[in-house]
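Now for the letters of each chain:
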Amino acid sequence: MRAARYHEYGDPDVLRVEDAPEPHAPAGAIRIRTVAASVNPIDWKLRAGFAKEALPLEFPVIPGRDAAGVVDEVGEGVTGVAAGDLVFGLGGVSDTTAEFSVLTSWAKKPGNWDHGQAAAAGLAATTGIRGLAPHGDLAGKTLLIEGAAGAVGSAAAVVALSRGARVIGTASERNQGFLRDLGVIPTTYGSGLTERVSALAPGGVDAVLDSAGSGSLAELVAIAGDPGRVTTVADARRAGDLGVQAVDAANESAVLEVAAQLGAAGKYTPRIAQTLPLASIAEAHALAQQSQPGKIVVVLDQA
Ligand SMILES: NC(=O)c1ccc[n+]([C@@H]2O[C@H](COP(=O)([O-])OP(=O)(O)OC[C@H]3O[C@@H](n4cnc5c(N)ncnc54)[C@H](OP(=O)(O)O)[C@@H]3O)[C@@H](O)[C@H]2O)c1
């Protein structure tokens, strides 16, 4: 099969498109003909070697943590999904930017999403929803999201809003309108954040989700007044020192189903910055490494 691969750590130009062995669906998993895969921060961080101590790779590596496509193999023990179904979901730490991908968590693609939007939802929505879970019932609560215009932050924001939270979100100037359109009360990040949040929420905030990992975690704890009210998906190192709960994505179909239902209801539309063909995988990684208003998606020409 055709796949994006790299054989060593390095810049985006270590990526190439070449033949790779086809994977098959083991028990409990499905295989899809991949139509689209998104580029998440973990993909370029792994490729660059930034995580080689914690997550050493065996080369060659096919990048990609999530994908969308057409089911073509169903592993033993899997029920509720059949060949021909259109799904999106998560593979392993890598492996989805290829003609065929094995997914171990998935949900049916909402009919109002295209495959690119579905691919963009997988890891981001899973992470956002899991990052909210420790905060419990959000109805009537005020939630602050640091990095709310990002893929994870915006997914968390729409989920929290759907659960009845009042959401304050930080973003750069260019994304203030995007947040407002989601129903989030926008503010900028950086210097003076405590004062700005205090003006927007004089009674304080009940919960904080850090989806930026920008070094602001101590200030977010001070704003919340208690590290137990703060979660982060992006700063595990500082979380340990501060007593904040760090949350990671995990392959859970039930969580993807939450995202799919919000999508089908028109409440969650993953934001795409640019869509590129598989042949442009190096450019896709280079773009994703820069800050983009939305996700970079790679399409394989078999929709
Ligand atoms: N733990 C896990 O399992 C897991 C899973 C997925 C992602 N993550 C991590 O979560 C983070 C977000 O991922 P993503 O896919 O949402 O990335 P993303 O789409 O690139 O979003 C990152 C957001 O951070 C914002 N930002 C940049 N500088 C900031 C600052 N100084 N203060 C506050 N916000 C700032 C940006 O806002 P503007 O564009 O408005 O500047 C951007 O929207 C990444 O660090 C990623 O590695 C962790």
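Rules of the game
- Residues numbered from 1 in each chain as written.
- Predicted model: local features only at pLDDT ≥ 70, side-chain atom pairs only at ≥ 80, totals over all residues.
- Pairing = 2+ DSSP bridges.
- Helix = DSSP H or I, 4+ residues; strand = E, 2+ residues; numbered from the N terminus.
- Near = placed C-beta within 6 Å.
- Nonpolar A, V, L, I, M, F, W, Y, C, P; charged D, E, K, R; others polar.
- Domains from an automatic or database assignment.
- Contact = placed C-beta atoms within 7 Å.
- Axes fitted to C-alpha atoms, helices over the stretch in contact; angles between N-to-C directions.
- Buried ≥ 20, exposed ≤ 12 C-beta atoms within 10 Å, placed from the backbone.
- Parallel < 35°, antiparallel > 145°, perpendicular 65-115°, else oblique.
- Left-handed = near helix turned anticlockwise from the far one by under 90°.
- Core = buried A, V, L, I, M, F, W, Y, C linked by C-beta atoms within 7 Å.
- Right-handed = clockwise from strand over helix to strand, strands pointing away.

Peer 1: A description of the pairing of strand β4 (residues 66–74) should follow, citing residues and the corresponding values.
Peer 2: The pairing of strand β3 (residues 30–39) with β4 spans seven bridges and is antiparallel. Its bridge partner lying in β4, Ile32 is registered against Val71. Sheet analysis places β4 next to strand β5 (residues 86–90), joined by five bridges and oriented antiparallel. Each residue of the ladder has a partner; that of Asp66, found in β5, is Leu90.

Peer 1: How would you sum up the site of the ligand? Please name residues and give values.
Peer 2: Around the ligand, the surrounding shell holds 29 residues, and the nearest of these are Gly147, Gly150, Ser172, Ala212 and Ser214. Of all the secondary-structure elements, those providing two or more residues to the shell around the ligand are α1 (41–48), α2 (115–132) and α3 (151–162). Here the residues of the shell around the ligand are counted per class, giving 13 nonpolar, 14 polar and two charged. Shared between two domains, the shell around the ligand holds at least three residues of each, these being domain 1 (2–126 + 250–299) and domain 2 (128–246).

Peer 1: Pulling in residues and values, what's your account of the sheet that holds strand β11 (residues 207–210)?
Peer 2: Within a beta sheet, neighbouring strands are joined by backbone hydrogen bonds and run either parallel or antiparallel to one another. Taken in spatial order, the six strands line up as β10-β9-β8-β11-β12-β13 in an open sheet, and their pairing is parallel. The open sheet has two edge strands with one neighbour each: β10 (185–187) and β13 (245–246). Bridge count between strand β8 (residues 142–146) and strand β9 (residues 166–170): four bridges; the pairing is parallel. Residue pairing for β9: Ile145 is matched across the bridge by Gly169. Running over the sheet, helix α6 (residues 217–224) touches β8, β11 and β12 (230–232) and is turned about 170° from β11.

Peer 1: Tell me about the environment of Glu257, residues and numbers included.
Peer 2: Secondary-structure assignment places Glu257 in helix α8 (residues 253–264). What makes Glu257 partly exposed here is the crowd of 14 C-beta atoms within 10 Å. For Glu257 and Val197, which are 60 residues apart along the polypeptide, the C-alpha to C-alpha distance reads 32 Å.

Peer 1: Any chance you could break down the packing of helix α5 (residues 193–200) against α6 for me, citing the residues and the numbers?
Peer 2: As a packed pair, α5 and α6 sit with axes 10 Å apart at the nearest point and diverge in direction by 30°. When the interaxial angle is binned, α5 and α6 end up roughly parallel. The handedness of the crossing between α5 and α6 is right-handed. In this structure, α5 uses Leu193, Thr194 and Val197 to contact α6, whose residues at the interface are Glu219, Ala222 and Ile223.

Peer 1: I'd like a rundown of the domain arrangement of the chain, residues and numbers included.
Peer 2: Taken as a whole, the chain is organised into domain 1 (2–126 + 250–299) and domain 2 (128–246). Each of domain 1 and domain 2 has a C-alpha centre, and the two are 26 Å apart. Domain 1 puts 14 residues into the contact, and the matching count from domain 2 is 12 residues. Elements that contribute at least two residues to the side of domain 1 that touches domain 2 include exactly α2 and α8. Residue composition of the side of domain 1 that touches domain 2, by class: 10 nonpolar, one polar and three charged.

Peer 1: Please set out the nonpolar core residue by residue, giving values where relevant.
Peer 2: Grouped together as the largest cluster of nonpolar side chains are 91 residues, with contacts concentrated most on Leu143 and Ala155. Among the elements that make up this core, the one with the highest residue count is α2 (nine residues). There are two domains that each give this core at least three residues, and those are domain 1 (2–126 + 250–299) and domain 2 (128–246). In this structure, Leu143 is in contact with Leu138, Ala160, Ala165, Val167, Val205, Asp206, Ala207 and Leu209, ignoring residues within four places of it in sequence.

Peer 1: An account of the pairing of β11 is needed here, citing residue identities and associated values.
Peer 2: Burial along β11 is two-sided: Ala207 and Leu209 facing one way and Val208 and Asp210 facing the other are all buried. Relative to β11, β8 runs parallel, the two sharing four bridges. Along β11, the bridge assignment pairs Ile145 with Leu209. Examined bridge by bridge, β11 and β12 share three bridges and lie parallel to one another. Residue pairing in the sheet places Asp210 in a bridge with Thr232 of β12. For the segment spanning β11, α6 and β12, crossover handedness is right-handed.

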